[in-house]
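Coordinate analysis (summary)
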Amino acid sequence: MIVQMTVILKLEMHQDSLILEKSQNWSSQKMDHIMICCVCLGDNSEDADEIIQCDNCGITVHEGCYGVDGESDSIMSSASENSTEPWFCDACKCGVSPSCELCPNQDGIFKETDAGRWVHIVCALYVPGVAFGDIDKLRPVTLTEMNYSKYGAKECSFCEDARFARTGVCISCDAGMCRAYFHVTCAQKEGLLSEAAAEEDIADPFFAYCKQHADRLDRKWKRKNYLALQSYCKMSLQEREKQLSPEAQARINARLQQYRAKAELARSTRPQAWVPREKLPRPLTSSASAIRKLMRKAELMGISTDIFPVDNSDTSSSVDGRRKHKQPALTADFVNYYFERNMRMIQIQENMAEQKNIKDKLENEQEKLHVEYNKLCESLEELQNLNGKLRSEGQGIWALLGRITGQKLNIPAILRAPKERKPSKKEGGAQKISTLPTVLYSCGICKKNHDQHLLLLCDTCKLHYHLGCLDPPLTRMPRKTKNSYWQCSECDQAGSSDMEAEMAMETLPDGTKRSRRQIKEPVKFVPQDMPPEPKKIPIRNTRTRGRKRSFIPDEEKHEERVPRERRQRQSVLQKKPKAEDLRTECATCKGTGDNENLVRYPS
């Protein structure tokens, strides 16, 4: 009996150990295959709302949370093609690695907007103002109904990198007057997102609380699920690739290519998204993708971004600690002016480059012409020397022929020396004229030979001057005619006294000479210390014609002179009366006349 009882006890213990091993294996097997939704962080998978996994990136999500319709007419996921047919998320179907427009985090599952951008499905659900075209499928996402001033308006309190704290859109804590702001995905990492039950009829069933107002137990298990999701997605994808056969992997890849071709066709044929008429300016620092690209550029250029501190000076300026949003002042007029200015600058630069090419071409041609001109001048000098030698030899032969014949022969014109042009008196008399023209004329002031077309020849000194070097400078070439010439200021000053002396007397047609009326010079300033120089004053009472007036010294007429100041101050009543109107008889018509119509003829 004792032996039988021991055997029975051993059999029962063995059965208990087998049951314990089976339960442990089942529990471990269940933990290995557990899947967590990356939107709600729940692990409940039911037939009506099954958790499915992307066969490309390994992300897991509830069908209801992502808006999956099963790609077929069946309602239950267990009976649909999702259990056997490969399933891919929207980002894998389009073949992109998206970046969210509402937060700086890159993990998670995405939905495409109507403008071709990408957002996290959890961000689209929790950010106010984001709409969906189809509520059941949760696509496409529309961001135009959201106020653009929310971009970068608040700073996330959970972002580890301060450069991304003001990117995207931050939501606030739903606990009354709490002033905590954070990104949706940052709050999901901390387990701070919650959703109302399906039985509750609430317009907005999505809530977010800060660490101070969130439930600790709820936050704890959501935090664990989030960490388990991140590790499970990476490990499950690697293990699944190892377990899949090449035929299954090829079938998945072929199906993925079909989805991508279909998505590309749908993207090219879909209508263009509505765009608001007014431009909605947005700070560049509110885009996480732009900041990543700038950081990548700095890394490629070898610039460390850690040395640039983040500007937090705006926090001290506000009274309540909130950072005020600065709307960028980029109006439509400024943008149009900027684009028009750029287009004009491009046209001006192209015109300048074209003109520079023409200038270089003309300068090269000018240098070539100068070289050819110098060669021609040298050849002309050689020909002139040869012509002189031949002329002298011809003259000697002609003289020898005259001596042989004993007659004086006239030299032919070809053997005569060319007559040199004699300058006129106005040109400065006889002057040597060079037989060879100079290659380049030099300015008499700056001694430079540039701008030959702006050189002006003085007809007196025979020097060339630039128009800009003259004092005062000239703006254009003066006109030269047969009877008029031009001379420089130096020659004009030197010959002014002589010209005045020559032009003082004017010859009349009958051969007599008369003095020209001379213009009085302005009154010169005379210091009070120095006595004025004596001047010769003409006798005003005498009237002469054809001869010079007689002058008397200033000292003799000092008593008769009236100071100029007194003459100017005399009133009209004190003016001298006119001379008496003496009526005389005209020598020609024998008629009487007065001082106005009679002229005295010198005897």
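What you are looking at is a predicted structure, and each value in this text was computed from that prediction instead of being measured.

Further remarks concern the overall build of the protein chain. On a plain count of helices and strands, the protein chain comes out with 13 helices and 18 strands. Across the protein chain, every contact between residues at least 6 apart in sequence was considered, and the portion connecting residues at least 24 apart equals 51%. Split by element, the accessible area of the protein chain, about 46,800 Å² in all, is 54% carbon and sulfur.

Bringing helix α10 (residues 332-405) into the picture now. Its 74 residues give α10 an end-to-end C-alpha distance of 105 Å, which sits within 8% of 110 Å, the value for a rise of 1.5 Å per residue. Turning to α10, its buried residues number three or more, namely V335, C377, R391, G394 and G402. Positive backbone phi, at 75°, marks G406, one or two positions downstream of α10.

Right, let's get into the pattern of salt bridges. Going through the model one piece at a time under the given rule, you end up with 11 salt bridges. Put simply, R219 and E190 hold a salt bridge, and the shortest N to O gap is 3.8 Å. Separated by 29 residues along the polypeptide, R219 in helix α6 (residues 216-243) and E190 in the loop between α5 (184-189) and β9 (193-195) bring together distant segments of the chain. Ionic pairing is found between E299 and R296, a salt bridge with its closest N-O pair at 3.5 Å. Of this pair, E299 and R296 are both found in helix α8 (residues 288-300), three residues apart, which corresponds to roughly one turn of the helix. Overall, R296 belongs to the partly exposed group, its relative accessible area being 44%.

When strand β5 (residues 131-134) meets strand β6 (residues 139-142), the two strands line up antiparallel, connected through three bridges. Residue A131 lies in a different strand from β6, and its bridge partner there is T142. Counted along the chain from β5 to the antiparallel partner β6, the turn is four residues long, and its residue L138 has a positive phi close to 55°.

A cluster of nonpolar residues, L330, F334, Y337, Y338 and F339, forms a patch on the protein surface that exposes about 560 Å² of accessible area. With respect to the element layout, Y338 can be found in helix α10. By relative accessible area, which is 40% here, Y338 ends up partly exposed.

Evaluated as defined, the whole model comprises zero disulfides. C173 takes part in no disulfide bond, and the closest cysteine sulfur, belonging to C210, lies 3.7 Å away. By relative accessible area, C173 is classed as buried at 4%. We note that C469 lacks a disulfide partner, and the nearest cysteine sulfur, in C446, lies 3.8 Å from it. Given the relative accessible area of 27%, C469 is considered partly exposed.

Now for the packing of aromatic side chains. Per the stated rule, a full pass over the model turns up seven aromatic pairs. Of the aromatic side chains, those joined through ring pairs into one cluster are F334, Y338 and F339. Here the basic side chain of K93 rests over the ring of Y259, its NZ or CZ set 4.8 Å away from the ring centre. Directly above the aromatic system of Y151 lies the positively charged group of R282, at a separation of 3.9 Å from the ring centroid.

Take unusual backbone geometry next. Following R139, the chain continues to P140 via a peptide bond in cis, the omega torsion being -10°. By the element assignment, P140 lies in strand β6. The step from D471 to P472 runs through a cis peptide bond, and the omega angle for that step is 0°. Tracing the chain through its elements places P472 in the loop between β12 (464-466) and α11 (489-494). Non-glycine residue L138 carries a positive phi angle of around 55°. In this fold, L138 is placed in the loop between β5 and β6. Judged by its relative accessible area of 9%, L138 falls in the buried class. Even without a glycine there, the phi angle at D451 is positive, about 55°. Of note, D451 is situated in the loop between α10 and β11 (455-457).

Residue position: H183 is located in the loop between β8 (181-182) and α5. When its relative accessible area of 0% is taken as the criterion, H183 is described as buried. Ignoring any residue separated from it by four or fewer positions in sequence, one finds H183 in contact with L102, C103, P104, C156, C159, F164, A165, T167, V169 and C170.

Residue placement: L415 occurs in the loop between α10 and β11. For the pair formed by L415 and W398, sequence separation is 17 residues and the distance between their alpha carbons is 9.0 Å. Discounting chain neighbours no more than four positions away, the residues touching L415 are R391, G394, Q395 and W398.

It is worth spelling out α8 at this point. One turn of the α-helix equals 3.6 residues, which is why residues spaced by three or four share an orientation. Taking 1.5 Å of rise per residue, the 13 residues of α8 would be expected to cover 18 Å, and the 18 Å separating its terminal C-alpha atoms lies within 8% of that figure. Immediately beyond the C-terminal end of α8, within one or two residues, lies G302, with a positive phi of roughly 80°.

This part is about the environment of K408. Turning to its location among the elements, K408 is positioned in the loop between α10 and β11. Among the residues examined, K408 registers a relative accessible area of 83% and is labelled exposed. Here the alpha-carbon distance between K408 and W398, two residues 10 residues apart in the chain, equals 9.9 Å.

Right, let's get into the nonpolar core. Residues V39, V61, W87, L102, I109 and F182 are the most contacted members of the largest nonpolar core, which totals 66 residues. Once residues lying within four places of it in the same chain are set aside, the contact partners of I109 are C38, V39, I59, V61, Y66, W87, C89, V119, H120 and I121.

Okay, the confidence of the model for the protein chain next. Chain-level pLDDT for the protein chain is 75 on average; 67% of the residues reach the 70-or-more range. The low-confidence segment residues 1-5, where pLDDT is below 50, has zero contacts with residues more than four positions distant or belonging to other chains. Note on residues 430-437: pLDDT is under 50 here. Beyond four places in sequence and across chains, it has 11 contacts.

About the criteria used
Residues numbered from 1 in each chain as written. Predicted model: local features only at pLDDT ≥ 70, side-chain atom pairs only at ≥ 80, totals over all residues. Heavy atoms only, no water. Helix = DSSP H or I, 4+ residues; strand = E, 2+ residues; numbered from the N terminus. Contact = heavy atoms within 4.5 Å. Areas by Shrake-Rupley, 256 points an atom, 1.4 Å probe, with all protein chains shown as cover. Expected span 1.5 Å × (residues − 1). Buried < 20%, exposed > 50% of the residue type's maximum accessible area, 1.4 Å probe, protein only. Salt bridge = Lys/Arg side-chain N within 4 Å of Asp/Glu carboxyl O. Pairing = 2+ DSSP bridges. Patch = residues over 30% accessible without salt bridge, like charges linked within 9 Å, V, L, I, M, F, W, Y side chains within 5 Å. Disulfide = S-S within 2.5 Å. Phe/Tyr/Trp six-rings, centres within 6.5 Å; stacked < 30°, edge-to-face > 60°. Lys NZ or Arg CZ within 6 Å of the ring centre and 35° of its normal. Core = buried A, V, L, I, M, F, W, Y, C linked by side-chain atoms within 4.5 Å. pLDDT = per-residue confidence, 0-100.

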